[in-house]
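# Observations on chain architecture
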Amino acid sequence: MSAVIQFSVLGPVEAAVDGRPLALGGHKPRALLAALVAEHGRVVSVDRIVDALWDDRPPRSARGLIQTYVAGLRRAFETAGASGVLRREGNGYLVVAGAVDAAGFVERVELSRGHRVAGRLAEVVGALREALAMWRGAAYGGLAGPVLGPAAAALDEARLSALDERIDAELALGRHQQLVGELTGLVATYPLREGLRASLIRALGHCGRQAEALEVYRRGRAALVEELGIEPGPVLRAAQAAVLGGGPLVATGPAQPAETSTSRARPAQLPAALPDFVGRADELAALSRALAPPPGGVAPPVAVITGRGGAGKSTLAVRVAHRLAGHYPDGQLYAGLAGMSAHPTPPEQVLRRFLRALAVDVVGDGIDDLATAFRSAVADRRLLVVLDDAQGATQVTPLLPGAAACGVLITSRARLGALPANRVDLDVLPADDARRLLAAITGDDRVHDEPTAASAIVAACGALPLALRIAGARLASRPHWPASRLAARLADSRLVLDELELGDEQVRVSVWLSYRGLGPAAARLLRLLGLLGAPDVAHWVAAPLLGVDEQIAEDALEELIEARLVDVASGVGGAAMRCQLHGLVLAFAAERARAEAGDGHADSAAVRRLAEAWLWLVTRIGASRPQATVAVHRRLGPTPAPLDPTLVELALADPNRWLDAERAGLVATVERAAEHGAHAAACDLASELTASVLVTGNHFEIWDRTHAAALAAAVRAGDQIAEAVLLAGLSRLRCEQDRFDEAFGHAQRALTLFEGAGDTQAVAALLAHVGSICRERGRLPEAADRLQAALRTARDLGDVPAVSYAVRLLGAVELEAGDISAAEAHLNEALALYRAAGNAHGEATALRSLGLCRRAAGDLDGAVRLFERARLAFDALGDELMVAYSERALAKTWIRQGRLDPAAARLPEVLRTCRRLRDRWGEAMTLRVLGELAVARAEWTAARDILGESIAVWTEIGADSGRARSLLTLAQALSGGGDHARAASVHDEARALLVRCGCGRSV
């Protein structure tokens, strides 16, 4: 099915594909599109486009810029699924597809004139209302110039003519009283337009306000004389004469049908639609369909717009109501129900107002009598009833008409689930629409000139329309401010609500209206979520935060969801509910948490309970997926109470995705626990996090932030054991980051503290870890000494995990030193220990290391088999970095077997994985193997370049043995390329470095 393309020029120039607005770029591309749409289907020459964009001052690069703008517009359409919209033809361009809203406007105006000829004045009004409701502002967004200026002026004049015709028809229908207010505003806006002024004079005269009518004439004549130097024309003079008694007060026209009796009131209570309305195309379409159903229904169509405070529910409702006014020719009733205020409007009061507007005498005061009278009054009418800001179904049910020809549009923060209705749930604006709204309020130039600042403002406002309107109005009222200044002021989450205030418009007040209606538990939960400061958390955190059972916590959470203060989404695998707070709601919640904190003990207990709950969960995940390494853990706090075991199953289904979802909550929990005196819980959780999931995915930020916060808390508390545990964790982090000097320093400090405490088990684990660091730095003799010491202590203690870890590392060191036999013996011992313990990760790591031994011994087929087994095991465990390591080992073996093509196919993806996971050691090693591949292909120049990159990374991270081996391969490349002297020099440098590292036997 081909895409539906719509161009809008009855306001700011827009384009949409299948109802979705396109991002058209800046002012110039938009003006270019406008020039083409103005001549839809006809070629517009490049010269004329130049005039449209730059008038008489085009830049030298104008034609090139036009090509760039056209290419950008084509790309926007094609991305949205519409190709071939813009076409080059001859010396110009044309639009060959899509519909233009201006054409729809003209069609409706023509339709109204057909109705007028037939004497159907109600249909005239309906058609013209539909036509005028299509307008969103000045034609072509006020674009001027020699090309677009005349086109815009012609459309604007057509709009005013249609307005004149609609008012004439409504006056002929006897709607004088209803039109006075509108006409007064129009005359103030267009003081020189005689037709509008004449209509106002006739409407006032018909209402018995002759003195005011004559004053309107006097002012009009004075304006015409002063501004244009002319006397009033015949239309205005005839209106004056009619008031003075010399002519009819109603303009002559077709005979009025019977339905135009002035005894039948036609209310028009809709507020004015905002001129800068942006986006919401899908919602507008859905509501229009819901409220303009095909005939034959038995019940009135009801549509409900729900959403959080500030989402633009009322704005959208008014927009839809104006658009549908022609579908409801008997009028529109509007009531603000003040549902979120302390005193919602009683339905009885609304019914009395509606009945008065319908010119129905009110009989009785009871709700049933009033509702019955209202339903009777609208039974044979086509009315639209708009009920804004409803508190609940109880408030709106008596206000519903019974007639199927009527329609009802309701807005509410509550979902009104008990009410049968079509629902549209309003979320924040998409980013592009949010920027367009900001631009509509502040001016396109300010957004276009500072796109980064504009994006920052949108982000700080969370794309919430109310916040964007306030921010935009503040910026518009301060023309001397750059957008970046407001963006900077909005960046502080503690002050953002202060910045989003403008008169009566305040985001804080909007959220407060929902907050004050909460019960104690729900209000407390919102404050605790604000204290936590994470915008997205798992649903189960509510119970430990509140310190209550799951049912009470769920009830409190449901109350927050119903109040639109918390959103819900499916979690990992779609099985676990997540709670999400809009950024401004989170800022409000944090503000209330600070304001209502009391002595802080309750908050401290809450974050401690949450940290302990997380600790139980992370511990179970770590136990289910043990690693080949051994982390130093010392439980400092109490054993946490268990949670639902299915939470562990969900996490293990996809650990990396789980951690991506939970990272904000985990980090926030550790940081808040550290801040609120719960240092033991903070330290336990930070330490446990390094057991598995953080290691396999190189989640450095979480590791770093949690350890930094917990370490600072441990130091403040004077807890040296906690300090040592966290220093050991930081050392492991720095090692994973290939920052080996820092890793060594942290490990030495931790070792000193554990030795002072007499903790030999921790000392053994740390000695093994220090041995690993020494190996990575290329200090093999020192590494072997540390590992032997660790192994002796671990064997004495019977610490099987530490023995497995130390003996595996010792085998790796012996392999690098060239002692293949000793290496295989130790690695086979490690393999057996890991297998006996059910440690799949350790087993896979040992298999890969044994493959390296087989390759070093020349058994290439045996090496391939071991690498394949390791790769499959790591893949099953979801460890993509070790999968990449196994792939690299395979590729290197294939190179030695002469299988260059499969090696060339695998290595680029391995390099991308290492770089994405920020593994510098892996990056350097992969570059070295790519260099070996280039040598095998006799691509000497490429080999030199690639190996130069590898050596640079080895040098940067301080890994001397790796640098030496890349130097050896570089010597081969230099020799192959004929530079034998330099090759010999590089080879000697590499040999000397390997000997210094303790790798002499492997040279």
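See the structure printed just above.
Note that the coordinates shown come from a computational prediction; the quantities given were computed from them, not determined experimentally. (Residues numbered from 1 in each chain as written. Predicted model: local features only at pLDDT ≥ 70, side-chain atom pairs only at ≥ 80, totals over all residues. Heavy atoms only, no water.)

## Side note on the overall build of the protein
- What the protein contains, in helices and strands, is 46 helices and 17 strands.
- Dimensions of the protein, computed from C-alpha atoms along their principal axes, come out at roughly 120 × 70 × 55 Å.
- Of the contacts formed within the protein by residues at least 6 apart in sequence, a portion of 68% connects residues at least 24 apart.
- Accessible surface computed for the protein: about 41,000 Å², of which carbon and sulfur atoms make up 52%.
- Treating the 111 positive side-chain charges of the protein as one cloud and the 118 negative ones as another, the clouds have centres 2 Å apart. (Helix = DSSP H or I, 4+ residues; strand = E, 2+ residues; numbered from the N terminus. Contact = heavy atoms within 4.5 Å. Areas by Shrake-Rupley, 256 points an atom, 1.4 Å probe, with all protein chains shown as cover. Lys, Arg positive; Asp, Glu negative; His and termini not counted. Charge placed at Lys NZ, Arg CZ, Asp CG, Glu CD.)

## Here's the deal with the pattern of salt bridges
- With the rule as written, the count across this model stands at 58 salt bridges.
- Across the salt bridge formed by R42 and E39, the nearest N and O atoms sit 2.9 Å from each other.
- Each of R129, R166, E170, R175 and E182 takes part in one network of salt bridges that share partners. (Salt bridge = Lys/Arg side-chain N within 4 Å of Asp/Glu carboxyl O.)

## Quick look at the packing of aromatic side chains
- Within the structure shown, the criterion is met by nine aromatic pairs.
- Note on W512 and Y515: the rings are 5.6 Å apart at their centroids and 45° apart in plane angle, and the pair reads as tilted. Taken together, the residues span about one helical turn, with W512 and Y515 both in helix α22 (residues 507-515) at a distance of three residues.
- Plain terms: the ring middles of Y885 and W921 are 6.2 Å apart, the flat faces sit at 25° to each other, and that makes the pair stacked. Placement of Y885 in helix α41 (residues 880-897) and of W921 in helix α43 (residues 920-936) is noted, with a sequence separation of 36 residues between them. Here Y885 and W921 have matching classes, each one buried.
- Members of the aromatic cluster, joined through ring pairs, are W512, Y515 and F588.
- The lysine or arginine in question, R478, covers the ring of W481, its NZ or CZ lying 5.1 Å from the ring centre.
- Positioned over the ring face of Y885 is R888, at 4.2 Å from the centre of the ring. (Phe/Tyr/Trp six-rings, centres within 6.5 Å; stacked < 30°, edge-to-face > 60°. Buried < 20%, exposed > 50% of the residue type's maximum accessible area, 1.4 Å probe, protein only. Lys NZ or Arg CZ within 6 Å of the ring centre and 35° of its normal.)

## What about the sheet that holds strand β9 (residues 332-336)?
- Spatial strand order, β9-β10-β11-β8-β12: five strands in an open sheet with parallel pairing. Pairing within the sheet leaves two strands with one partner each, and these edge strands are β9 and β12 (422-426). Adjacent strand axes in the sheet meet at a mean angle of 15°, parallel and antiparallel pairs treated alike.
- Summarising the sheet, β9 and strand β10 (residues 384-388) pair through five bridges and their orientation is parallel. Bridged to G336 within β10 is D388.
- Where helix α11 (residues 281-291) meets the sheet, it contacts β8 (302-307), β11 (407-412) and β12, and its direction lies at approximately 165° from that of β12. (Pairing = 2+ DSSP bridges. Axes fitted to C-alpha atoms, helices over the stretch in contact; angles between N-to-C directions.)

## Overview of the pairing of strand β6 (residues 92-95)
- Taking every second residue as pointing to the same face, both faces of β6 are buried, with G92 and L94 on one and Y93 and V95 on the other.
- Relative to β6, strand β4 (residues 44-45) runs antiparallel, the two being bridged by two bridges. Paired with V44 across the strands is Y93, a residue of β6.
- Across four bridges, strand β5 (residues 86-89) lies against β6 in antiparallel orientation. In the strand pairing of β6, L86 is matched with V95.

## Some points on helix α16 (residues 431-442)
- With twelve residues, α16 ought to run about 16 Å at 1.5 Å a step, and its terminal C-alpha atoms sit 16 Å apart, in line with that.
- Within α16, burial applies to D433, A434, R436, L437, L438, A439, I441 and T442.
- Trailing α16 by a residue or two, G443 shows a phi angle of about 110°, which is positive. (Expected span 1.5 Å × (residues − 1).)

## A short note on the pairing of strand β2 (residues 14-17)
- In β2, alternate side chains face the same way, and those of E14 and A16 on one face and A15 and V17 on the other are all buried.
- Here strand β1 (residues 5-8) folds back onto β2 in antiparallel fashion, the turn holding five residues, of which G11 has a positive phi close to 140°.
- When β2 meets strand β3 (residues 20-21), the two strands line up antiparallel, connected through two bridges. Counterpart to A16 in the pairing with β3 is P21.
- Where β2 hands over to β3, the hairpin turn is made up of two residues, of which D18 adopts a positive phi near 55°.

## Quick notes on the side chain of R734
- Here R734 is to be found in helix α33 (residues 720-736).
- Judged by relative accessible area, which is 8%, R734 ranks as buried.
- Of the polar contacts made by the side chain of R734, one reaches the side chain of Q737; its length is 2.8 Å.
- Not counting chain neighbours up to four residues away, the residues in contact with R734 comprise D704, R739, F740, E742, A743 and H746. (Polar contact = N/O pair within 3.5 Å; in protein donor to acceptor, adjacent residues only side chain to side chain.)

## A few points about the packing of α16 against helix α18 (residues 451-460)
- Closest axis-to-axis distance for the α16/α18 pair is 10 Å, and the angle between their directions is 105°. With respect to their mutual orientation, α16 and α18 come out roughly perpendicular. Contacts from A434, R435 and L438 in α16 reach P451, A454, S455, I457 and V458 in α18.
- Taken together, the residues of the contact of α16 with α18 break down into six nonpolar, one polar and one charged. (Parallel < 35°, antiparallel > 145°, perpendicular 65-115°, else oblique. Nonpolar A, V, L, I, M, F, W, Y, C, P; charged D, E, K, R; others polar.)

## Things to note about the packing of α33 against helix α35 (residues 760-776)
- α35 packs onto α33 with a crossing angle of 20° between their chain directions and a minimal axis gap of 11 Å. Comparing their axes, α35 and α33 come out roughly parallel. Handedness of the crossing formed by α33 with α35: left-handed. On α35, the residues touching A728, S731, R732 and C735 of α33 are L766, H769 and I773. (Left-handed = near helix turned anticlockwise from the far one by under 90°.)

## Side note on helix α46 (residues 980-997)
- Compared with the 26 Å implied by 1.5 Å per residue over 18 residues, the 26 Å span of α46 between its first and last C-alpha is a close match.
- Every buried residue of α46 is accounted for by A983, V986, A990, L993, L994 and C997. The buried residues of α46 occupy an angular sector of 100° when the element is viewed end-on, so they sit on one face. Opposite the packed face of α46, turned more than 90 degrees from it, sit the exposed residues H980, A981, D988, V995 and R996. (Arc of directions from axis to C-beta.)

## Some details on the sheet that holds β6
- The antiparallel open sheet is built from three strands, whose spatial order is β4-β6-β5. Bordering the open sheet on either side are β4 and β5, each of which pairs with just one other strand.
- Taken strand by strand, helix α1 (residues 27-38) contacts β4, β5 and β6, and its axis lies near 70° from that of β6.
- Strands in contact with helix α3 (residues 62-79) are β5 and β6; relative to β5, the strand with the most contacts, it is inclined by about 145°.

## Digging into the environment of G842
- Topologically, G842 is positioned in helix α39 (residues 840-856).
- What makes G842 buried here is its relative accessible area of 0%.

## Here's the deal with a negative patch on the surface
- A cluster of acidic residues, D549, E550, E554, D555, E558, E559, E562, D644 and E649, forms a negative patch on the protein surface.
- Mapped onto the fold, D644 is located in the loop between α27 (601-624) and α28 (646-653). (Patch = residues over 30% accessible without salt bridge, like charges linked within 9 Å, V, L, I, M, F, W, Y side chains within 5 Å.)

## Things to note about the nonpolar core
- Membership of the largest hydrophobic core comes to 212 residues, with the highest contact counts inside it found for I457 and L500.
- With residues near it in sequence (within four places) discarded, L500 still touches C461, A467, I470, A471, L490, E505, Q506, V507 and L584.
- V147, L186, L196 and I201 belong to the second largest nonpolar core, which has 79 residues in total. (Core = buried A, V, L, I, M, F, W, Y, C linked by side-chain atoms within 4.5 Å.)

Geometric descriptors of this kind do not, in isolation, establish any biological role.
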